[in-house]
Amino acid sequence: KVWCVGRLDTRLLGREGAATTTSSSPVAMQSWFFGKSEKDKAAMKIQASFRGKKTRSAYQIERPNLERQKTARRAAAAKIGAAFRGTKTRAEVSVLKGEKQFNDAQTKRGVLEKRSARKSFIFGSRQIVLWQRKYVRIDDFHFCYSNKEVKAKSQAAGKKVEEKRFPLDSITDILTVEGMDEFILVTADNQYHFHCASAVENQSWINTISLLQAYLREQKAHSQNAPVPPPRNR
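Counting of residues starts from 1 at the beginning of each chain's written sequence and follows it residue by residue. Only residues with pLDDT of 70 or above have their local features reported here, since the model is predicted, and side-chain atom pairs are shown and tallied only from 80 upward, although totals for entire chains, interfaces and linings are computed over all residues. Hydrogens are left out, water is left out, and the side-chain values use all remaining heavy atoms of the structure.

Let us now look at unusual backbone geometry. One non-glycine residue, D140, adopts positive backbone phi at about 50 degrees. Secondary structure elements are taken from DSSP: a helix is a run of H or I of four residues or more, a strand is a run of E of two residues or more, and numbering for both begins at the N terminus. By the secondary structure assignment, D140 is in the loop between strand 2 (126-139) and strand 3 (142-146). D140 sits in the exposed class, given a relative accessible area of 55%. Even without glycine at this site, F141 takes up a positive phi of about 60 degrees. Looking at the secondary structure, you find F141 in the loop between strand 2 and strand 3. For every residue, the accessible area (1.4 Å probe, protein chains only) is compared with the maximum for its type, and the residue is labelled buried under 20%, exposed over 50%, or partly exposed between those bounds.

Let's shift gears to the pairing of strand 3. When you tally the buried positions in strand 3, you get 4 out of 5 residues, the bulk of the element. Here strand 2 pairs with strand 3 via 5 bridges, running antiparallel. The residue of strand 3 that forms the bridge with D139 is H142. From the end of strand 2 to the start of strand 3, which pair antiparallel, there are 2 residues, and D140 there has a positive phi angle of about 50 degrees. Paired strands, in this sense, are two strands between which DSSP finds at least two bridges. In this sheet, strand 4 (residues 163-167) lies alongside strand 3 in antiparallel orientation, the contact comprising 5 bridges. The residue bridging H142 from the neighbouring strand is P167, located in strand 4.

Attention now goes to the confidence of the model for the chain. The predictor attaches a confidence to each residue, called pLDDT, with possible values from 0 through 100. A residue-level look at the chain finds 63% of positions with pLDDT of 70 or above and a mean pLDDT of 75. Contact definition: two residues touch when any of their heavy atoms are within 4.5 Å. Under a pLDDT of 50 for its full length, residues 1-24 has, in the predicted model, 19 contacts with residues more than four places off or in other chains.

Attention shifts here to the nonpolar core. As used here, the term nonpolar core means buried Ala, Val, Leu, Ile, Met, Phe, Trp, Tyr and Cys residues forming a set that is joined through side-chain atoms within 4.5 Å. Core analysis: the largest hydrophobic core is formed by 21 residues, its most contacted members being F143, L168, F183, L185, F194, W205 and I209. Only helix 4 (90-106), strand 2, strand 3, strand 6 (182-186), strand 7 (191-195) and helix 6 (199-225) provide two or more residues apiece to this core.

Next up, the structure:
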């Protein structure tokens, strides 16, 4: 009767995939009953090897110490990061980076090539357009370009350099030319084509102008939404 019960159990387990034997011999039953414990031991050995060949009980005992070490490492990393940031939080660093980017945008300058709107000629079936070297800079939220570089010492000495300038808020759109390191500033009455030395520089100028335009729009919206002070009683 015992072996009959065992045979029924093995058939049921065989359907589930846990055992496939249907033999009713004592050797087969013994291997089935004791095979599970051997598998458990093997699994424990594998887990122990991953934990550094330590048993579960030893691992549980040392776990608080490991957690303390992990917390200490995190605190040390935070101190090192704070030292590099000047004891400032991540949010403060983000604000400082934004301020630095805004300050750099207001004083951005470089040498670009500007497409001449007038000096062009027809050669066969093609129109030849001339590009002129220009010194470009951002000054008081104006886009400025000239044939000579405007230096700070010259400005301080009162020397004036002839340059053309237009306000950034007059730019209605910024276009790019596919496959060319070129951006086009579109205003109500003109288009200004500028060619850069690389794609990185081209994108840098576009980002700078867009950033300052966004600041001007925000300031304009803030001034319009500002409450009007009540009139004073006379």
